[in-house]
Amino acid sequence: MSRCWLMKTEPTTYSIDDLARDGRTHWEGVRNYQARNLMRDMAVGDRVLVYHSNAKPPCVTGEARVAREAYPDPFARDPDSKYFDERATAADPRWFMVDIEFVRKLASPVPLDILKNAPGLQDMVVTKRSRLSVQPVTSAEFDIVCSLGAGDTR
DNA sequence: GCCAACGTTGGC
DNA sequence: GCCAACGTTGGC
């Protein structure tokens, strides 16, 4: 039984279009313990909602799938990386990342204010002003978001 | 650009 | 182990 997640990204840093182009990517740079722990709970095949934060409007833009389980984030040990953390060692890598692969873009992105008002999504973490960059999502929530994004609402 | 929310750090 | 100071996130 695969689980569902939501992962935030700033589209100016890495957008759903970047993921569509790359097909697959590694999700480096998560430097929050709760988010890290959630990534370590991920299994290959888990479904992921890709969320654009700091976007106008902030929205869910697509779907991805976990392609590789958590492994040490090498950027934590690269002094030239903005994700460098001098406390990370080979024996204790401290920070982890997963690989995800592109599944599809939503026909129409689902903005945050729609999520907040959609029946069935009142408990969805992202609607709670949560700063967590990796969030658990129920399969029911996942399906509702996908159906909201299925139609062309323009 | 503002600022509320909240996670992290470090002095004690 | 408390908690004030500080830094970051991210909606608005």
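This report concerns the structure included in the present document. These numbers were taken from a predicted model, which means no experiment stands behind them. (Residues numbered from 1 in each chain as written. Chains lettered and ligands numbered in written order. Predicted model: local features only at pLDDT ≥ 70, side-chain atom pairs only at ≥ 80, totals over all residues. Heavy atoms only, no water.)

Comments concerning the protein's contact with DNA strand B
Rules: Residues are labelled near a given molecule or strand when at least one of their non-hydrogen atoms is within 4 Å of it. Two N or O atoms form a polar contact when they lie within 3.5 Å of each other; inside protein one atom must be a possible hydrogen donor and the other a possible acceptor, and for residues adjacent in sequence the pair counts only when both atoms belong to side chains. When residues are sorted by character, Ala, Val, Leu, Ile, Met, Phe, Trp, Tyr, Cys and Pro go into the nonpolar class, Asp, Glu, Lys and Arg into the charged class, and all the rest, Gly among them, into the polar class.
Close to DNA strand B lie Asn32, Tyr33, Arg87 and Arg131, which account for all nearby residues. Each atom of DNA strand B within 4 Å of the protein was assigned to sugar, phosphate or base; sugar and phosphate come to 60%. At 2.7 Å from a phosphate oxygen of DNA strand B is found a side-chain nitrogen or oxygen belonging to Arg87. Contact distances for DNA strand B include 2.3 Å between a base oxygen and a side-chain N or O atom of Arg131. Partitioned by chemical class, the residues of the surface near DNA strand B number one nonpolar, one polar and two charged.

Considerations on the protein's contact with DNA strand C
Near DNA strand C you find Lys8, Tyr51, Ser53, Asn54, Pro58, Leu112, Lys116, Arg129 and Arg131, and these make up its full shell. At the protein interface, 76% of the atoms of DNA strand C within 4 Å belong to sugar or phosphate. Contacts to DNA strand C include Lys8, whose side-chain N or O atom sits 2.6 Å from a phosphate oxygen. Partitioned by chemical class, the residues of the surface near DNA strand C number three nonpolar, two polar and four charged.

Regarding the pattern of salt bridges
Worth spelling out the cut-off: Any carboxyl oxygen of Asp or Glu within 4 Å of a side-chain nitrogen of Lys or Arg constitutes a salt bridge here. In DSSP terms, a helix is any run of H or I states spanning at least four residues, a strand is any run of E spanning at least two, and both are numbered starting from the N terminus. Only protein chains enter the calculation, and the probe is 1.4 Å; a residue is then buried if its accessible area is under 20% of its type maximum, exposed if over 50%, and partly exposed in between.
For the coordinates displayed, the defined rule picks out nine salt bridges. With a shortest N-O distance of 2.8 Å, Lys105 and Asp17 are connected by a salt bridge. Here Asp17 lies in helix α1 (residues 16–22) and Lys105 lies in strand β5 (residues 96–111), a separation of 88 residues in the sequence. Linking Asp85 and Arg87 is a salt bridge whose minimum nitrogen-to-oxygen distance equals 3.0 Å. By relative accessible area, Asp85 is classed as buried at 8%. Among the ionic contacts, a cluster of salt bridges with common partners joins Asp18, Arg21 and Asp22.

Focus on the environment of Asp85
Counted only if it meets this: The contact definition used throughout considers only heavy atoms, calling two residues in contact when any of these lie within 4.5 Å.
Within the secondary structure, Asp85 sits in the loop between β4 (59–72) and β5. A sequence separation of ten residues divides Asp85 from Trp95, and the C-alpha atoms of the two residues are 8.8 Å apart. Beyond its immediate chain neighbours, meaning those up to four positions away, Asp85 contacts Ala76, Arg94 and Trp95. A distance of 2.9 Å separates a polar atom in the side chain of Asp85 from the backbone nitrogen of Arg87.

Some details on the packing of aromatic side chains
Where we set the bar: For this analysis, a ring pair means two rings from Phe, Tyr or Trp (six-membered ring only for Trp) whose centres lie within 6.5 Å, classed as stacked if their planes differ by under 30 degrees, edge-to-face if by over 60, and tilted for the remaining angles. By definition, being over a ring means that NZ of Lys or CZ of Arg is both within 6 Å of the ring centre and within 35 degrees of the ring normal.
For the structure on display, the rule yields two aromatic pairs. Taken together, a centroid distance of 6.4 Å and an interplanar angle of 85° make the contact between Tyr14 and Trp27 edge-to-face. Residue Tyr14 is found in the loop between β1 (4–9) and α1, and its partner Trp27 is found in the loop between β2 (24–26) and α2 (33–40); the two are separated by 13 residues along the sequence. One Lys or Arg, Arg47, reaches over the ring of Phe142 and ends 4.2 Å from the middle of that ring. Across from the ring centre of Tyr71, 3.4 Å away, lies the NZ or CZ of Arg68, which sits over that ring.

Quick notes on helix α4 (residues 139–148)
Filter applied, for reference: Each C-beta atom gives one direction from the helix axis, and the arc is the one those directions make.
Among the residues of α4, Glu141, Phe142, Val145 and Cys146 are the ones counted as buried. Taken down its axis, α4 places every buried residue within 135° of arc, on the same side. If you follow the buried residues of α4, they end up packed against β1, β3 (47–52), β4, β5, α3 (112–117) and β6 (134–137).

It is worth stressing that arrangement in space is one thing and function is another; only the former is reported here.
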